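Inside the fold
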Amino acid sequence: EWQRRCRQLDLSCPFFWRTTAPGIPDCNSFAEPVNDVARMQRHVESKPKYNWAQMAHQNDIALSILRNMSKAEDGNEGGGRLHYEIIDGYEIDIQRPDHRSC
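Scope of this entry: the structure provided in the associated data block.

Cut-offs and rules
Residues numbered from 1 in each chain as written. Predicted model: local features only at pLDDT ≥ 70, side-chain atom pairs only at ≥ 80, totals over all residues. Heavy atoms only, no water. Helix = DSSP H or I, 4+ residues; strand = E, 2+ residues; numbered from the N terminus. Buried < 20%, exposed > 50% of the residue type's maximum accessible area, 1.4 Å probe, protein only. Contact = heavy atoms within 4.5 Å. Areas by Shrake-Rupley, 256 points an atom, 1.4 Å probe, with all protein chains shown as cover. Disulfide = S-S within 2.5 Å. Phe/Tyr/Trp six-rings, centres within 6.5 Å; stacked < 30°, edge-to-face > 60°. Salt bridge = Lys/Arg side-chain N within 4 Å of Asp/Glu carboxyl O.

Brief notes about the overall build of the protein chain
Within the protein chain, the secondary structure is distributed over four helices and two strands. Start at the N end of the protein chain and walk to the C end: the helices and strands fall as α-β-α-α-β-α. Across the 102 residues of the protein chain, 28% fall into the buried class. Considering only intrachain contacts with a sequence separation of at least 6, the fraction spanning at least 24 residues in the protein chain is 60%. Of the roughly 7200 Å² of accessible surface on the protein chain, a fraction of 49% belongs to carbon and sulfur atoms.

Focus on the state of the cysteines
This structure, assessed with the given rule, holds one disulfide. The disulfide that involves Cys-6 links it to Cys-13, with 1.9 Å between the sulfurs. On the S-S bond that ties Cys-6 to Cys-13, the torsion sits near -85°, and the link is left-handed. Relative accessible area serves as the criterion here: at 9%, Cys-6 is assigned to the buried category.

A word on the packing of aromatic side chains
Summed over the entire model, instances satisfying the criterion amount to two aromatic pairs. Centroid distance Trp-2 to Phe-15: 6.3 Å. Interplanar angle 75°. Geometry classified as edge-to-face. With Trp-2 in helix H1 (residues 2–8) and Phe-15 in the loop between H1 and strand E1 (16–18), this residue pair connects regions lying 13 residues apart in the sequence. Classification of Trp-2 by relative accessible area gives partly exposed; the value is 42%. The exposure class of Phe-15 is partly exposed, given its relative accessible area of 23%. Considering the side-chain rings of Tyr-50 and Trp-52, the 5.2 Å spacing of their centres and the 55° angle between planes classify their relative orientation as tilted.

Comments concerning the pattern of salt bridges
Considering all chains together, one arrives at three salt bridges under this definition. The partner of Arg-18 in a salt bridge is Asp-93, and the shortest N-O contact between them spans 2.5 Å. A residue pair is termed long-range when its members are at least 10 positions apart, and Arg-18 in strand E1 and Asp-93 in helix H4 (residues 89–94) qualify at 75 residues. Owing to a relative accessible area of 24%, Asp-93 belongs among the partly exposed residues under this scheme. Of the charged contacts, one joins Lys-47 and Asp-26 as a salt bridge, the two residues approaching to 2.4 Å between their closest N and O atoms. Of this pair, Lys-47 sits in the loop between helix H2 (37–46) and helix H3 (55–70) while Asp-26 is found in the loop between E1 and H2, placing the two residues 21 residues apart along the sequence.

Okay, here's the thing in C-alpha cells:
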C-alpha cells in the first residue's frame, strides 16, 4: 500500500531486500576469499551454530514471499502491489570468510 501512496504523490519509494549470509565458523582461519559457495555452505553445515546452516533456506522463504506479493492478480510477476530489488548479500558474503570480524 505504501508504494501505491508514493505513486499517487509522484514519489520514488524504492524497496530493497538484502539476502543474509550465515556467520562463518572459524572465520579467522581463512586468509583469503573462497570463491566456492557450495564449499562454504558445507563448511557452515559441518559446524552447526545459531541455525546458520538454514540461512539459504530462510532467504528462499523471504524471496518466495516477495515474489508472491509482486504478482498481479492474473499471476504475472512484476504487475502486483509490491515492486522491489534484490541485493544478493548471501552469495557475496559467504565467499568472504576472510573479511569478517570474528
